[in-house]
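# Chain and residue survey
The primary structure of each chain is shown beneath.
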Amino acid sequence: MPSGIKQLRQIQLGKEATAGTATTATTRWRGLGAFEDNREVTFPEEYIGIIGGGDRSYIAKSSGSFKMDDTDATFEQLPHLLIASIANTTAGVQQGTSSGYLYTYTIPTTTAPTIQTYTIRAGDNLQAEIMKYSFVKSFSLKANAGEAVMMSAEWMGRSITTGSYSTSVSVPDVETILSTKATFTVDAVSGTYGGGTLITDLNTLIACEINFEDTIAAKWVMRPHGDDSTSFAFHYAGNRKISGSVTFEHNADATTEKEAFRNQTPRLLRFWFYGSALTTAGVTYDKKTLIVDLPIKYESFDSLDDIDGNSIIKANFVSKYNATVGDAGKVIVVLNGTTSIP
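### Considerations on unusual backbone geometry
- Positive phi, normally seen in glycine, also occurs at Gln264, with a value near 50 degrees.
- Here Gln264 is to be found in the loop between α2 (252-262) and β18 (267-277).
- The class for Gln264 is partly exposed, based on a relative accessible area of 36%.
- Of note in this structure, Asp308 is not a glycine but carries a positive phi near 50 degrees.
- Taking the relative accessible area as the measure of exposure, Asp308 reaches 80% and is therefore exposed.

Laid out in structure tokens, this is it:
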């Protein structure tokens, strides 16, 4: 009897034209992950004259999840997580006559996020499974000096079913985002993201982590007659929480930020990661780029630590809407010659 082979596993993604209607996959995810069937099985208690009871059961509620494990973040595939959680920005805006196309994901504040749902197909050579109406509940970005930036995500969707892979789905060319190719700035909320008026030492940042949690949630409702689904009916804006941390060299910039924590002074945080040169440079961007802008307040500072005897300190933050700057932040991705996300 044939068995599944680990190296023949694959993860296929396809953007749905109608939420919940399965679509053909258009790309493969270059990373690791697996489905989890979350249907809730109930064996009701009953007195039927049998020790241990009978095997009667029912499923009143069903859903699925797909966990994308930590993998190196890439300029080309990170947008899938942003599209399915923050904003449905699938088409790039060309920067003048350059080959750079800009994708902006503005974190919503006064209106519900408009996202793109996906059909996920995954499994191995023995069996493929499908989860429709898939969206990202939470995702994380992590960077440590001298390593690749890492990304992970938890998707939620309707009931997982047995299916098949889409055919002729290519493996995309991608470029890994490296933590060594980064700029980090902190500014007063009276300034601008990326102004860099407060952090003056480019060697200050050691590591960072950003977590987007429960950006989207699912809603179960009483269904109309004839609808026999036990899965959720629709998605809505969840109780979004954005948090993270930055690990500083314990220098003058770090002590300044510790005072901002003690005084609860808000800051404008920018993480700027850049990659290979664009084929045709633009005025603003000449490289593939990832920018994360967040208004923050520090929640705590850890005790002094060290790396090889060199003092470091970790600051933990939360990000919420700031009235002075008038937003809750955004994520920008600049790609080379990519007019839309496949």
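### Some words on the packing of aromatic side chains
- All chains considered together, the criterion is met by 12 aromatic pairs.
- Centre to centre, the rings of Phe35 and Phe66 are 4.9 Å apart; their planes meet at 75 degrees, and the pair counts as edge-to-face. Residue Phe35 is located in strand β3 (residues 33-37), and its partner Phe66 is located in strand β6 (residues 64-72); the two are separated by 31 residues in the primary sequence.
- The interplanar angle of 80 degrees and the centroid separation of 5.9 Å between the aromatic rings of Trp220 and Phe232 together place this pair among those described as edge-to-face.

### Points about the layout of surface pockets
- Approximately 500 Å³ is the volume attributed to the largest pocket.
- Around the largest pocket, the lining comprises 19 residues; the ones closest to its centre are Arg9, Gln10, Ile11, Gly31 and Leu32.
- Looking at the lining of the largest pocket, the elements that each hand over two or more residues are β1 (10-15), β3 and β9 (118-123).
- Looking at the lining of the largest pocket, its residues break down into 8 nonpolar, 5 polar and 6 charged.

The rules behind these values
- Residues numbered from 1 in each chain as written.
- Predicted model: local features only at pLDDT ≥ 70, side-chain atom pairs only at ≥ 80, totals over all residues.
- Heavy atoms only, no water.
- Helix = DSSP H or I, 4+ residues; strand = E, 2+ residues; numbered from the N terminus.
- Buried < 20%, exposed > 50% of the residue type's maximum accessible area, 1.4 Å probe, protein only.
- Phe/Tyr/Trp six-rings, centres within 6.5 Å; stacked < 30°, edge-to-face > 60°.
- 1 Å grid on protein atoms, 1.4 Å probe; cavity = no way out; pocket = protein on both sides within 12 Å on 5 of 7 lines; lining within 4 Å.
- Points joined across faces, edges and corners; volume = space filled by probe spheres on them.
- Nonpolar A, V, L, I, M, F, W, Y, C, P; charged D, E, K, R; others polar.

Interpretation in functional terms is not warranted from these geometric data alone.
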